[in-house]
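Geometric and topological summary
Spelled out, the chains give:
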Amino acid sequence: MEHNANVSKIERCSGLSDKEFYNTYVKKSLPVVVTDKAEWTSLEKFTPEFFKTNYNHLTRIIDGKTYTLSEIIDLCKTSTPENKAPYPNVFDLHKDFPEYLDDIPEMFYGKSNRLQSPLLPKTIANQTNQQQLFFGGKGCSFPTLHVDYHWVHTQLTQIIGDKDFILFAPDQTPYLYPDKTNHNLSPVDIINPDYNKFPLFKNAESLRITLKPGEVLFIPSGWWHTTYIHNFNLTYAIDHVNSFNWNKFMDENYLVAHKHYPKLAWVIKVYKEIMGKVFNLKEN
Ligand SMILES: [Fe+2]
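Overview of the structure. (Residues numbered from 1 in each chain as written. Predicted model: local features only at pLDDT ≥ 70, side-chain atom pairs only at ≥ 80, totals over all residues. Heavy atoms only, no water.)

**Regarding the coordination of the iron ion**
Taken together, His146 (NE2), Asp148 (OD) and His225 (NE2) make up the protein donors of the iron ion, found 2.1 to 2.2 Å from the metal. Along the chain, the residues donating to the iron ion fall in the pattern H-x1-D-x76-H. Here His225 lies in strand 14 (residues 224-229) and His146 lies in strand 8 (residues 145-147), a separation of 79 residues in the sequence. What makes His146 buried here is its relative accessible area of 10%. The exposure class of His225 is buried, given its relative accessible area of 7%. (Donors = N, O, S within 2.8 Å, 3.2 Å for Na, K, Ca; no water. Helix = DSSP H or I, 4+ residues; strand = E, 2+ residues; numbered from the N terminus. Buried < 20%, exposed > 50% of the residue type's maximum accessible area, 1.4 Å probe, protein only.)

Now the structure itself:
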């Protein structure tokens, strides 16, 4: 797929304590795959048949067309690289499957997830995609190489199928031609890169992993990433804010607030300072 020789593998590990995970990966901003933290993915609730039987009232509009969840699952099952299922097919856990929340254990960052804290106003927490399920099929890939909005960390658990994740560290940004307006999006098609248009992309060094069912990938804040899918696929994603990315997360919130409510945006700055200290105290 990607015509780029500068590719390394992402490390797989198991048996990590929360503290080791935080100190080795979160603090150093290193992606990793954890192989022993997602037993819940084998629950019957996460099979395609269970979704089809119990949730066919859910629909999604993709490229202007409405699909039921059953139709999405069937299209993903028969998807081929030549005749791809629509993608991405994203469902929000809180809205669409609230009864699933208890089945998914709290993620292990060694620090609390501030996005889930009652101390964080919903208007701020809802700026991110907190907990989602992605359905996909063979040949589907995420449309854009991107950094997750608002500098959140992301943790992705593979439930069904194999999915390639291709990551670029923040220091590779000069080779990725970030969009002038949306700095978190890159126009480079990394599967078929146009080197005439994006010659510096030849220098970009990537990390890659094929995530297998029951494995969890940690993508640190600020890392570029995209995906490619090999077969029928279901992935769970949770965004995360902790002490490491709090300031960047709140600075992005300030910019959004300043755009819409320039006279009130200062409140976000004050909140960032005061609540940053409160969260730090609580977490220590
Ligand atoms: Fe993402």
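**Regarding the nonpolar core**
Core analysis: the biggest nonpolar cluster contains 54 residues, and Phe51, Leu69, Phe97, Phe135 and Leu217 have the highest contact counts within it. Leu120, Phe249, Tyr271 and Phe279 belong to the second-largest nonpolar core, a separate cluster that totals 16 residues. (Core = buried A, V, L, I, M, F, W, Y, C linked by side-chain atoms within 4.5 Å.)

**Quick look at the sheet that holds strand 8**
Across the sheet, which stays open at both edges, the six strands sit in the order 1-12-10-14-8-11 with mixed pairing between neighbours. In this open sheet, the two edge strands, each paired with only one partner strand, are strand 1 (7-9) and strand 11 (185-186). (Pairing = 2+ DSSP bridges.)

**Quick look at the packing of helix 6 (residues 246-260) against helix 7 (residues 266-283)**
At a closest axis distance of 9 Å, the pairing of helix 6 and helix 7 adopts a crossing angle of 160°. By the angle between their directions, the pair helix 6 and helix 7 is classed as roughly antiparallel. Every pair of crossing elements has a handedness; the one defined by helix 6 and helix 7 is right-handed. Residues Trp246, Asn247, Met250, Asp251, Asn253, Tyr254 and Ala257 of helix 6 form the contact with helix 7, whose own contacting residues are Trp266, Ile268, Lys269, Tyr271, Lys272, Met275, Gly276 and Phe279. When its residues are assigned to classes, the contact of helix 6 with helix 7 shows nine nonpolar, three polar and three charged. (Axes fitted to C-alpha atoms, helices over the stretch in contact; angles between N-to-C directions. Parallel < 35°, antiparallel > 145°, perpendicular 65-115°, else oblique. Left-handed = near helix turned anticlockwise from the far one by under 90°. Contact = heavy atoms within 4.5 Å. Nonpolar A, V, L, I, M, F, W, Y, C, P; charged D, E, K, R; others polar.)

**Side note on the sheet that holds strand 9 (residues 153-160)**
Pairing within the open sheet is mixed, and its seven strands lie in the order 2-3-13-9-15-7-6. Two strands close off the open sheet at either side, each with one partner strand: strand 2 (12-13) and strand 6 (89-92). Here strand 7 (residues 131-136) pairs with strand 15 (residues 233-240) via six bridges, running antiparallel. The residue of strand 15 that forms the bridge with Gln131 is Ile238. Against the sheet, helix 3 (residues 69-78) makes contact with strand 6 and strand 7, and its axis sits at roughly 50° relative to strand 7, the strand it touches most.

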